Amino acid sequence: MKKIAILAILLISQMGFSQDGGNEYKKRVLETAEVDVISSFYAQDGDNASVTGGIGTEQLTDFATDISVAIPLNADDVFTIDATISAYTSASSSNLDPFDSSGASRTGGDDDDRSYKSTAAITGSPWVESTGASKSDVWANGILSWSHSSADRNTIAGATVSFASEFDYTSFGFGGNFTKLFNQQNTEVGVKANIYLDKWDPRYPTELDSYIEAGGNLNSGFFSLIDILDENGNVINKNGTNVWSPFNTDLVTDTKRNTYSLSVSFSQILSKKAQISLFVDLVQQSGWLSNPMQRVYFADRSNYFVGNASSINNYTSATNTDVFQLSDDIERLPDTRTKIPIGARFNYYFNEFLALRTYYRYYQDDWGIVAHTVDFELPIKISDKFTLYPSYRYYTQTAADYFAPFDQHLSTETFYTSDYDLSKFNSNQYGFGIGYTDIFTKFHISKFGLKSVDLKYSSYERNTGLKAGIVSAGFKFVLD
């Protein structure tokens, strides 16, 4: 499932290669096994949930842990195992079935296949967290990678295999990379390619799925338990002519989503203090690129509701706790997408106490999004073991051609989404971290010595109102 504006946890490992002047001794690429552990807690809130059509609570919390184990197979080869577990609770995705917030009991099944024990009044709201099955889930990811370095350490080749899964989505990936160093290893050129073969196990808004299961009969199944209200709050005649029905009952027709990426990079040491890197990526996606959980509402169709009639006039306010608008359709987007990011890094070493790391990326795709990212980090070494690293990131993008806010799309459009990740916005992210390094690994857990610790907090805010914070802690151990 697509998560809303979640800040990614990136664990970046850099390996340095060197060779003795003579032929008697060749330094190993990795001297001993290393274990990296990083855990994070993320929380966000906002008012533009895509599951409920571009309005509603975006509250989400996520706790993730990543463990990476690098094992030297010999002097030239390294095998790495990387595993991530992420457990999240989302008020937004819980509203795949918003009517569970009324307290009705489910007799079995999931959000798309269940009946209620109670025929009492059922309500819901995009601003109230549901107790539905999609409220929480666990995302799991595993990566196996192998890297081989030539005897002179000027050529590096590698391969990866990955697998990821959550309740409505699975992904299988594989790829390879090749790096060549020139000019006494002052110049580096790299090529990386990856393929991801993903598959949906689609979940739909409960009213759309229930309508199809009932064969369009509003007096059957889930709909037999509820009154449907028009936009004036009147109970409709389910056998009449002015009744609610989905705009499109054709749901996911292709459960595949394939991604192909190619990246070319160039890095150059300019001087003893300066280094620059450039990269260009080409990403091609095909298949079902929409999220079937995300509702869309049309301005040129009548509105219908379930819940408290007196709250309809207040529907888009967070004070609405007991009425929900039935969806017109799910998000629909083109079945292909081409992305082209181009970026650069420039790092400068002022002295033994201060360095500067900068990053810029330009992005565009054929959905109409153009984006710019600027990132700065300023590592400050305050002792032989401790380093502070304040950081700042600015991001801005244009809206996708297919985006419109809640209830502003027209049914005559071919493609449509109210996902604010595809809207026009800009964001600021402020971070502060502290790092501890002990090259002598004096502290031990069993046979593993603690080499470094990194603690960081980042605060993120969009001009759309989304706010988030993330706390992370990373530990690197080496096997004695």
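Preceding this paragraph is the structure being described.
Residues numbered from 1 in each chain as written. Predicted model: local features only at pLDDT ≥ 70, side-chain atom pairs only at ≥ 80, totals over all residues. Heavy atoms only, no water.

Let us now look at the nonpolar core. F99, F223, I226, I228, W244, Y315 and L326 are the most contacted members of the largest nonpolar core, which totals 31 residues. Elements with a contribution of two residues or more to this core: α2 (206-213), β12 (304-307) and β13 (323-325). Ranked by residue count, the leading element in this core is β12, at three residues. Aside from chain neighbours lying at most four places away, what touches F223 is E207, S210, Y211, L218, I228, K238 and W244. Among the nonpolar cores identified, the runner-up in size contains 17 residues, and L60, L333, W367 and A371 belong to it. (Core = buried A, V, L, I, M, F, W, Y, C linked by side-chain atoms within 4.5 Å. Buried < 20%, exposed > 50% of the residue type's maximum accessible area, 1.4 Å probe, protein only. Helix = DSSP H or I, 4+ residues; strand = E, 2+ residues; numbered from the N terminus. Contact = heavy atoms within 4.5 Å.)

On to the layout of surface pockets. Considering only enclosed or pocket space, the second largest pocket measures out at about 170 Å³ in volume. Taken together, D254, G287, W288, L289, S290, E331, R332, L333, P334, D335, T414 and F415 form the lining of the second largest pocket. A class-by-class count of the residues in the lining of the second largest pocket yields five nonpolar, three polar and four charged. (1 Å grid on protein atoms, 1.4 Å probe; cavity = no way out; pocket = protein on both sides within 12 Å on 5 of 7 lines; lining within 4 Å. Points joined across faces, edges and corners; volume = space filled by probe spheres on them. Nonpolar A, V, L, I, M, F, W, Y, C, P; charged D, E, K, R; others polar.)

All right, on to a nonpolar patch on the surface then. A cluster of nonpolar side chains, namely I71, L73, I81, L144, W146, V161, F163, F172, F174, L197 and Y260, defines an oily patch on the protein surface of about 940 Å² accessible area. Elements with a minimum of two residues in the nonpolar patch: β4 (136-149), β5 (155-166) and β6 (169-182). Counting through the fold element by element, F174 comes out in strand β6. (Patch = residues over 30% accessible without salt bridge, like charges linked within 9 Å, V, L, I, M, F, W, Y side chains within 5 Å. Areas by Shrake-Rupley, 256 points an atom, 1.4 Å probe, with all protein chains shown as cover. Salt bridge = Lys/Arg side-chain N within 4 Å of Asp/Glu carboxyl O.)

In this section: the pattern of salt bridges. Summed over all chains, the structure comprises 13 salt bridges. A salt bridge links D201 to R203; its shortest N-O distance comes to 3.1 Å. The class for D201 is partly exposed, based on a relative accessible area of 41%. The shortest N-O distance in the salt bridge between D365 and R337 comes to 2.7 Å. With D365 in strand β16 (residues 354-365) and R337 in strand β15 (residues 336-351), the pair connects residues that are 28 residues apart, well separated along the chain. Overlapping salt bridges, with partners in common, bring together E34, D36, K451 and K476 in one network.

The strand order β8-β12-β13 describes an open sheet built from three strands, whose pairing is antiparallel. The open sheet has two edge strands, β8 (229-230) and β13, and neither has a second partner. Sheet topology note: the β8/β12 ladder contains two bridges and is antiparallel. In the sheet register, D230 faces β12, and the bridge partner there is Y304. (Pairing = 2+ DSSP bridges.)

Under the counting rule described, the total for this entry stands at 22 aromatic pairs. The interplanar angle of 45 degrees and the centroid separation of 6.0 Å between the aromatic rings of F172 and F174 together place this pair among those described as tilted. With relative accessibility at 38%, the residue F172 sits in the partly exposed group. F174 sits in the partly exposed class, given a relative accessible area of 37%. (Phe/Tyr/Trp six-rings, centres within 6.5 Å; stacked < 30°, edge-to-face > 60°.)

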